[in-house]
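A closer look at the structure
Spelled out, the chains give:
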There are 2 protein chains.
Amino acid sequence: MVTNGEHLAAKFFDRGDVFDPDCPTRLILDRIGDKWTVLALLLLSKGPLRFTELRDGIGRVAPKVLTQTLRRLERDGLISREVFAEVPPRVVYTLTPMGESLITPIRAVSDWAEEHVPAISAAQNSYDLDNA
Amino acid sequence: MVTNGEHLAAKFFDRGDVFDPDCPTRLILDRIGDKWTVLALLLLSKGPLRFTELRDGIGRVAPKVLTQTLRRLERDGLISREVFAEVPPRVVYTLTPMGESLITPIRAVSDWAEEHVPAISAAQNSYDLDNA
DNA sequence: CGGGATCCTACTCGATACTG
DNA sequence: CAGTATCGAGTAGGATCCCG
């Protein structure tokens with residue numbers, strides 16, 4: 001990953017630096033920026049869900065996109081995917097312990113967002129009026 | 001962890017409408033998902049900064065993109081933009097009270113991210129090996 | 001110094017059809 | 001049911017140049 005620079009040691013043994021352009025922390029922030037990732041995690045915070053249950057809970061999502069989202073989360077170790085060899089097939093997604101530990105921070109953000117929707121809308125209207 | 005998937009969506013709707021496809025909360029989550037928004041906010045949490053200071057602090061970011069980010073934040077009422085009629089010109093960006101109230105939640109997320117970078121990298125490597 | 005204007009690439013997301 | 005395959009569109013982000 002990091003190939004040069006004096007901060008190499010710090011990067012390796014410290015927690016990392018969000019402001020370093022090469023810091024992998026950016027990758028996590030990018031995940032959260034995904035359109036459905038946060039929603040999927042919040043849905044799963046209440047318990048394991050099947051593919052269709054996630055799709056219905058999220059709303060309008062192309063199956064391809066939902067699969068991409070879930071695969072990424074699985075690769076990151078945030079959720080686990082369990083396949084049951086039945087007919088019809090059944091696949092259950094579950095938060096891993098690490099995934100569960102993410103719930104509190106992202107819920108804090110989404111709670112903030114819901115709380116401040118009116119204030120932000122007002123600010124936007126005001127801004128648009130001043131720049132009409 | 002209790003599993004009761006039937007009325008999952010209903011429970012979530014009780015505490016908000018994040019899962020409503022048309023909910024404006026999505027807009028805030030999308031903003032946070034922007035590539036530089038969180039970084040800019042965290043930088044500004046230490047005090048007012050000029051355009052160039054933000055650019056240098058963030059790293060490699062095209063001025064056009066940084067301007068877009070800052071304009072959006074200003075429109076949302078999260079930061080304020082103050083222009084000084086001097087030569088050379090000076091523009092200072094400052095967090096508004098509402099912007100400051102966002103710092104705690106997003107710092108919680110970024111702290112989580114920095115903490116779990118090693119675990120996530122390990123999970124990714126393991127996943128990639130199993131699917132080689 | 002702090003952008004605005006312009007052009008371009010990449011990637012995400014979406015819709016639809018099909019399958020083990 | 002739980003995806004995969006394919007095609008296509010919209011847009012955030014990037015590179016570069018220029019101006020008050």
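Because the structure is predicted, anything quoted here is derived from the model rather than measured. (Residues numbered from 1 in each chain as written. Chains lettered and ligands numbered in written order. Predicted model: local features only at pLDDT ≥ 70, side-chain atom pairs only at ≥ 80, totals over all residues. Heavy atoms only, no water.)

1. Quick word on the interface of chain A and chain B
Worth spelling out the cut-off: Contacts: residue pairs with any heavy atoms within 4.5 Å of one another. Defined in terms of a 1.4 Å probe, buried area is the accessible area two parts forfeit on being brought together, summed over both. When a carboxyl oxygen of Asp or Glu is within 4 Å of a side-chain nitrogen of Lys or Arg, the pair counts as a salt bridge. Here a polar contact means two N or O atoms within 3.5 Å. Within protein one must be a hydrogen donor candidate and the other an acceptor candidate, and residues neighboring in sequence count only if both atoms are side-chain atoms. Helix and strand labels come from DSSP, where a helix needs a run of H or I of at least four residues and a strand needs a run of E of at least two; each type is numbered from the N terminus. Note that Gly is not counted as nonpolar here; it falls among the polar residues with everything else outside the nonpolar set of Ala, Val, Leu, Ile, Met, Phe, Trp, Tyr, Cys and Pro and the charged set of Asp, Glu, Lys and Arg.
Across the contact, 52 residues belong to chain A and 54 residues belong to chain B. Overall, the association of chain A and chain B removes approximately 5100 Å² of surface from exposure, summing both partners, and the carbon and sulfur fraction of that is 69%. Linking chain A with chain B are two salt bridges. A salt bridge links D128(B) to R75(A); the shortest N-O distance between them is 2.5 Å. On inspection of chain A and its partner chain B, the count reaches nine residue pairs in polar contact (both at pLDDT 80 or more). Elements that contribute at least two residues to the side of chain A that touches chain B include exactly helix 2 (25-33), helix 3 (37-44), helix 4 (51-58), helix 5 (63-75) and helix 6 (97-130) of chain A. Looking at the side of chain A that touches chain B element by element, the count peaks at 22 residues for helix 6 of chain A. Looking at side-chain class alone, the side of chain A that touches chain B contains 28 nonpolar, eleven polar and 13 charged residues.

2. Describing the protein's contact with DNA strand C
Put simply, the test is: One heavy atom within 4 Å of a molecule or strand makes the whole residue count as near it.
Close to DNA strand C lie 20 residues; K64(A), T52(B), R71(B), R81(B) and Y93(B) are nearest. Within 4 Å of the protein, the contacting atoms of DNA strand C are 66% sugar and phosphate, with bases supplying the remainder. Residue K35(A) places a main-chain N or O atom 2.8 Å away from a phosphate oxygen belonging to DNA strand C. Contacts to DNA strand C include Y93(B), whose side-chain N or O atom sits 2.5 Å from a phosphate oxygen. Sorting the residues of the surface near DNA strand C by element identifies helix 5 of chain A together with helix 4 (51-58), helix 5 (63-75) and strand 3 (90-95) of chain B as the ones contributing at least two each. A total of four residues in the surface near DNA strand C trace back to one element, the largest contributor, which is helix 5 of chain B. Looking at the surface near DNA strand C residue by residue, the classes come out as ten nonpolar, two polar and eight charged.

3. Observations concerning the sheet that holds strand 1 (residues 49-50) of chain B
All names here are of chain B. How we decide: Pairing between two strands is assigned when DSSP locates at least 2 bridges connecting them. Axis geometry follows a simple rule: fit a line to the C-alpha atoms, using only the stretch in contact for helices, then measure angles between N-to-C directions, giving values from 0 to 180 degrees.
Strand order in the open sheet formed by three strands is 1-3-2, and the pairing between neighbours is antiparallel. Unpaired on one side and paired on the other, strand 1 and strand 2 (79-84) mark the two borders of the sheet. Helix-sheet contacts for helix 5 involve strand 2 and strand 3, and the interaxial angle to strand 2 is about 115°.

4. Re the relation of the copies chain A and chain B
Our working rule: The fit set for superposing copies consists of C-alpha atoms from residues with pLDDT of at least 70 in both; the fit itself is least squares.
Note on the identical chains: chain A maps onto chain B by a rotation of 180° and an axial translation of 0.0 Å, with an RMSD of 0.3 Å. Between the two chains, the operation in question is that of a two-fold axis. Taking the C-alpha atom as reference, chain A places G33(A) closest to the rotation axis, 1.7 Å from it. When the interface residues of chain A are mapped onto chain B, 87% of them again lie at the interface, so the same face is used by both copies.

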